[in-house]
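# Examining the three-dimensional arrangement
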Amino acid sequence: METNPSSSSSSSTRFDVFLSFRGEDTRNNFTGHLSLALRKIGLFNIFKDDIALAKGKGIGPELMKAIEDSQYAVVVLSENYATSSWCLKELAKIVECMGDSGRIRTIFYHVNPSHIRNVISSDVKKQEESSFWKALEEHAKSPSHSVYLESWRNALVKVANQSGYPVQSHTDEALFIKDLVAEISSKLGAPIRIIDGLFGMTSRLLDLDSYVLQSLSTNNVCFIGIHGMGGIGKTTLARAYYKKISHKFDGSSFLQNIREVCEKKANGVVSLQKKLLKGILEEDFKNIGHVDHGIDMIRSRFRHKKVLIVLDDVSKMDQLNGLAGEDNWFGSGSIILVTTREENILKIRRYTVYKAESLNPSEALQLFSSKAFGSIEPPMEYKELSKLVVEYTSYLPLALTVLGSLLGSKNTGEWESALRRLRNCPEKEIVEKLKISFDDLNEADQRIFLDIACFFNGFDKDDVIQILNSCGFEPIIGISNLINKSLLSINEVSPDTFNIKVPGCDPKYRIWMHDLLQEMGKEIVRKESDNELGRQSRIWDTDDLYHILENEEETNKVEAIVTRLVETKEYSFEALSSMKKLRLLKVDGLADPDGLDYSDGPELSYNLQYLDWTGFPFTKLSSSFPPRKLVQLKLGCSKLRQLWNNGIKTLFNLKVIDLSNSRSFTKFEDFKVVPNLEKLILDNCLEMLEIHPSIKHLKKLTLLSLKFCTNLEKLPEEINGLASLQTLKLVGCRNLRRLEAELLPSSLEMVYVDFCTSLTSFLDPLKPCHLQCSAHCLDCIGLVKCQDGKMTALASLTRFLQDPSKRRNGDFQFVVPQIYNELPSWFINQSPTASITIKLDPNWRNTELIGFAMVFWIQAKCSLDDYFYCKIRSPSSSENWETTVNAGVIGSRLFNHLFLLYSGCENVLKGMKQLQPPSWPDTLEFSFFNARNKQCSSCQLCGVRLVYEGDIEELKEITSKFNNDQKDVQSSQSQSSWREPQIRRPDLEDNLDRKVLVLFNLNLASMRGIKSQAMAVAASNSDHTLDITDIVLHSMVCQLYRRLNSA
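Keep in mind the model is a prediction, meaning the values are calculated, not measured. (Residues numbered from 1 in each chain as written. Predicted model: local features only at pLDDT ≥ 70, side-chain atom pairs only at ≥ 80, totals over all residues. Heavy atoms only, no water.)

### Examining the packing of aromatic side chains
Each aromatic ring pair is summarised here by two numbers: the centre-to-centre distance and the angle between the ring planes. Heads up, the condition is: Think of it this way: a Phe, Tyr or Trp ring, Trp meaning its six-membered ring, pairs with another when their centres are within 6.5 Å, and the plane angle makes it stacked under 30 degrees, edge-to-face over 60, tilted otherwise. Runs of E in the DSSP output that reach at least two residues are strands. Runs of H or I that reach at least four are helices, and both are numbered from the N terminus. Using a 1.4 Å probe on the protein chains alone, a residue whose accessible area is under 20% of its type maximum counts as buried, one over 50% counts as exposed, and one in between counts as partly exposed.
The final tally for this structure, using the stated rule, is 30 aromatic pairs. Ring centres 5.0 Å apart and planes at 35 degrees place the aromatic pair F30 and Y109 in the tilted group. One end of the pair, F30, is in helix α3 (residues 30–40); the other, Y109, is in strand β4 (residues 104–109), and 79 residues separate them in sequence. Y109 matches F30 in its accessibility class, with the two residues each being buried.

### Focus on the packing of helix α22 (residues 383–393) against helix α23 (residues 397–407)
The condition that has to hold: Angles here are taken between N-to-C directions and fall from 0 to 180 degrees, while the axes themselves are lines fitted to C-alpha atoms, restricted in helices to the stretch in contact. A crossing counts as left-handed when the near helix is turned anticlockwise from the far one by less than a right angle, and as right-handed when that turn is clockwise. We call two residues in contact when some of their heavy atoms are within 4.5 Å. Each residue is assigned to one of three groups, with Ala, Val, Leu, Ile, Met, Phe, Trp, Tyr, Cys and Pro labelled nonpolar, Asp, Glu, Lys and Arg labelled charged, and all others, Gly among them, labelled polar.
Packing of α22 against α23 leaves a shortest axis separation of 10 Å and a crossing angle of 145 degrees. α22 and α23 meet at a crossing whose hand is right-handed. Along the contact surface, α22 presents V389, V390, Y392 and T393, while α23 presents A399, L400, L403 and L407. A breakdown of the residues in the contact of α22 with α23 according to their chemical character gives 7 nonpolar, 1 polar and no charged.

### Quick notes on the nonpolar core
The criterion, for reference: In this description, a nonpolar core means a group of buried Ala, Val, Leu, Ile, Met, Phe, Trp, Tyr and Cys residues linked to one another through side-chain atoms lying within 4.5 Å.
Judged by nonpolar contacts, the single largest core of 104 residues is most densely connected at W613 and F762. The element best represented in this core is helix α32 (residues 789–800), accounting for 5 residues. Those residues in contact with W613 that lie beyond four places of it in its chain are L565, F573, L576, L585, V587, G589, F618, K634, L635 and G636.

### Thoughts on the packing of helix α26 (residues 443–456) against helix α28 (residues 475–484)
Just so we agree on the cut-off: An angle counts as roughly parallel when it lies under 35 degrees, as roughly antiparallel when it exceeds 145, as roughly perpendicular when it falls between 65 and 115, and as oblique in every other case.
Interhelical geometry of α26 versus α28 gives an angle of 80 degrees and a closest axis separation of 9 Å. One way to sum up the angle between α26 and α28 is to call them roughly perpendicular. Along its contact with α26, which presents D445, I448, F449 and I452, the element α28 presents P475, G478, I479, N481 and L482. In the contact of α26 with α28, the residues fall into 6 nonpolar, 2 polar and 1 charged.

### Notes on the sheet that holds strand β28 (residues 835–839)
Selection rule: In this description, strands pair whenever DSSP reports at least two bridges between them.
On the basis of which strands lie adjacent, the open sheet formed by 4 strands has the order β28-β33-β30-β31 and antiparallel pairing. If you trace the sheet from one side to the other, it starts and ends with β28 and β31 (882–890), each paired once. Neighbour to neighbour, the strand axes of the sheet diverge by 15 degrees on average, direction disregarded. Of the strand pairs in this sheet, β28 and strand β33 (residues 923–929) are connected by 5 bridges, and their pairing is antiparallel. Paired with K839 across the strands is T923, a residue of β33.

### Things to note about the pairing of strand β29 (residues 849–858)
Within β29, 10 of the 10 residues are buried, which leaves it mostly tucked inside the rest of the structure. Relative to strand β34 (residues 939–948), β29 is paired through 9 bridges, and the arrangement is antiparallel. From the neighbouring strand, G851 faces β34, where its bridge partner is V947. With 8 bridges connecting them, β29 and strand β32 (residues 897–904) associate as antiparallel partners. Looking at the pairing, F852 lines up with S903 of β32.

### Some points on the sheet that holds strand β6 (residues 222–227)
Taken together, 5 strands build an open sheet; the order of strands is β7-β8-β9-β6-β10 and the sheet is parallel. One side of each edge strand has no neighbouring strand; the edge strands of this open sheet are β7 (251–255) and β10 (352–355). When strand polarity is set aside, the average angle formed by the axes of neighbouring strands in this sheet is 15 degrees. Pairing of β7 with strand β8 (residues 307–314) involves 5 bridges; the strand directions are parallel. Each bridged residue has a counterpart across the sheet, and for G251 the counterpart in β8 is V307. Running at roughly 165 degrees to strand β9 (residues 335–340), helix α15 (residues 234–245) makes contact with β6, β7, β8, β9 and β10 of the sheet.

### Some details on the pairing of β9
In terms of burial, β9 is largely enclosed, as 6 of its 6 residues are buried. Across the two faces of β9 the burial is the same, with I335, L337 and T339 and I336, V338 and T340 all buried. In this structure, β6 lies alongside β9, joined through 6 bridges in parallel fashion. Its bridge partner being in β9, I224 is matched across the sheet by L337.

### Quick look at α32
Filter applied, for reference: To estimate the expected span of a helix, count its residues, drop one, and scale the result by 1.5 Å. Polar contact criterion, stated in full: a pair of N or O atoms within 3.5 Å, where within protein one must be able to donate a hydrogen and the other to accept it, and residues adjacent in sequence count only if both atoms are side-chain atoms.
End to end, α32 covers 17 Å across 12 residues, agreeing with the expected 16 Å (1.5 Å per residue, within 8%). Among all positions in α32, only G789, K790, M791, T792, A793, L794, A795, S796, L797, T798, R799 and F800 are buried. Buried residues in α32 make contact with β24 (761–762), α31 (781–786), α33 (804–809), β26 (811–817), β32 and α35 (949–965). The N-cap residue of α32 is D788: its side-chain oxygen and the backbone nitrogen of K790 are 3.0 Å apart.

### Thoughts on helix α14 (residues 201–216)
In plain terms, the rule: Throughout, the arc means the angular range of directions from the helix axis out to the C-beta atoms.
Relative to the 22 Å expected for 16 residues at 1.5 Å per residue, α14 spans 22 Å between its end C-alpha atoms, a close match to the ideal helical length. Turning to α14, its buried residues number three or more, namely M201, R204, L205, L208, V212 and S215. Looking down the long axis of α14, one finds its buried residues gathered within 100 degrees of arc, a one-sided arrangement. Facing away from the buried side of α14, by more than 90 degrees, are the exposed residues L206, L213 and Q214.

### Thoughts on the pattern of salt bridges
Note the cut-off: Only one rule defines a salt bridge in this text: a Lys or Arg side-chain nitrogen within 4 Å of an Asp or Glu carboxyl oxygen.
The tally for this structure, following the rule as stated, stands at 40 salt bridges. Of the charged contacts in the structure, one is a salt bridge between R583 and E559, with a shortest N-O distance of 2.9 Å. Residue R583 is located in the loop between β14 (560–564) and β15 (584–588), and its partner E559 is located in the loop between α30 (542–551) and β14; the two are separated by 24 residues in the primary sequence. Considered together, R583 and E559 belong to a single accessibility category, that of buried residues. The partner of E949 in a salt bridge is R808, and the shortest N-O contact between them spans 3.0 Å. Separated by 141 residues along the polypeptide, E949 in helix α35 and R808 in helix α33 bring together distant segments of the chain. Owing to a relative accessible area of 22%, E949 belongs among the partly exposed residues under this scheme. Connected via shared salt-bridge partners are R447, D451, R538, E559 and R583.

This is how it looks when you write it as structure tokens:
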């Protein structure tokens, strides 16, 4: 956003406007005022002969050259204009150069245009009325003038015939000049010359203009804040916009560097008030002694004026309050433009916020090249180096300008050396500019900034908040403060595997810090320690950590380590024991811990609050490590056998324990020592056989995850005492056989038992149940052999709808195997495709509609996970209303499944009711999509039911009838909707042939070997049934899928 030298030098015009006038008529009145008005708005280079003519040069050639070098001409035709041969020569040259181009503006000052046209009249009377005819007659008497008469006469007629601006004796000349200057400045296009010299400015000015127009459409006064980090070009944009539109106002003022003025002057706001008043009113206001007096003066003098005011680099609220406090201070149509790094100031004052953005790569390269080489393209030998510099700056205009000026005169070798240095030591001028915002932070926010700069740039926002919260930093308000000061931003990213945004799904957010701000933060840490590694407060570099550990340096200043360990190096961790201030340790551990012989872990700091060590190579934590301040303990993929010795004191601060993939870990001895634990994650702890009954003491536990604990056969009865438990994950616990409702706490909201292939009882519709939770039972084939899958889902939905708050605002999901493509008959609207349209009750606005129940049948799939969502829209509404319901991820699966969804519609109805009456929908379309926004191919049929209060009773009746019908049937012989898993031996071959041929379209020869394996398993089955989930058939189906995919 800087001046483009090549574009500036390429322009052939030196002057925007050439003023042609008769000096004795208008120099000291009309033309003098016009010239001053044009200069005052600062947009024009004006040629006026008494100002622009250089001493010692010939008047004639200089005038003619000035006309040639002017973009436009303003001709003031007054009574005695034609008496001057110089005026006529000017006019003839103007007409010659500009002619019919529309670049001539003619003012008829107290003259009638017809009198000028009479210079070619043959009517004696008209000739006598024309002072211009008489003047030409006098010129005809001079031999030196007579040769020009024809061109002078033609030029006069030419401008007289054009549309001009009459000024009569009754004209208010001050008002006329004001309007004329506004029209000239808008039509002559002078701002375009300025904008063309700034990179990326045109599009940004258009964006800013749209913000202004939108604000003025609803407000008398427009308040716009340009917000962004230091050096991003806020001031440049504001100045360009100021120059572009300032001529349209009764007065304008650009107050620059307000932060700096207020820091250096005791009464900075008062001095700025005086400058503002003087700039617009052209008067001195020396008698203003305090801020309130200045406010009164601004309010009283500007309230009827349409003004443009730019307040540049505002840093505190009192600056805004003293200079542009309220809209009633200014006249209608006024614009107040503020540039700031402090977004919070703008939000409090309800400014419309315009986010300043960095240049794009092309604009950035042009700006850098202009500063380094004086052209918008770098020389060929510097092209790749220039791109590297531009990438290093992340397109920040400040850095591009500074580095362009720094590197321009150096050779390629010096460029390469400078680039290497910059990556470790940013340029001082850039750092000082960026550091202004950091210095304004309080100590707590500075620590958060440095942690993020050194460790967490690009991390998931929620993860960072968890970590920093463990360190006692109050990160929610801290991160908000950093965002307000443009030191951070939060970027939305897609949560799904394909990096595709999924409608209806909660997005993920990542913390983003500009690369130069990140480098600045690291440089601050280095300087605090005088570049002594052992005294650095934060260690982020892998080699630095290895150096400290290898040399066992004195490291009593280290408070945080976040890095990874290199698998090819051997480490000694004794140096960790000397880090007495260590509060945060997060390392990605050894790739081959089995090759090392570690027992007790190192003695860690008493102050440690967050410990996350993936690949922890020790069998237990050190007995001399007192983790009393520890908030989160994460030792994934560790060699742990036990956490700590018996007798450890109660750890009141510990909230999270994650020992995922610690395959040697056998059991947690005593949960009483962690009474405030909120999350317990023991995924893939293969040697763990049981959960200790003391788990009942975890009254605050909200998440219990035991995924793929394959040797776990049951949960203790004491788990019922987990009064706060919301999510239970038992995915892949293949030896878990029963999960009775009475064992589970009523607080549960979601239970995952996917791939629990031995599970035979869970939420059985024939048994009493107090749970109102959702559940995923993916590939739980043993479950639906013993209980009806459809009825299990419907009975669970019935219980969920018993809670009035849940049925109006909550969401419910249930996934269960079902081989047949058959939906529950309760869903009265069904479709054989993935989309269905239903008619609404004409009186739907006044009915007791509480939610939408949806169901779809999905086919088996052994490849990637599916991400499902349902789009609900009204095809009959002219406003194209729509919303989405997220179904979530359904993993790869061997069997077909029924997926039941419910979504309370209170918010949806609110949106529908906000539509205007002509747009009220009379139909709703429900369509099921996958993550790629394609209608779901694996969804073979779907059903929908609008749920009213009365439908809950109907659901109760259905489940009650089912219970009555099944009273005499044993659970092993229940009328399950799953028939296919039980293939009886007499017709085994026919059934298996039919199933494989139909599903996979293979001939008998292709599948004979695989089928014989399955039959052998069936033959050895004592009760003459084939367990479809057996590992042999599992591999068979996957093999068939791979064969189909390769085909």
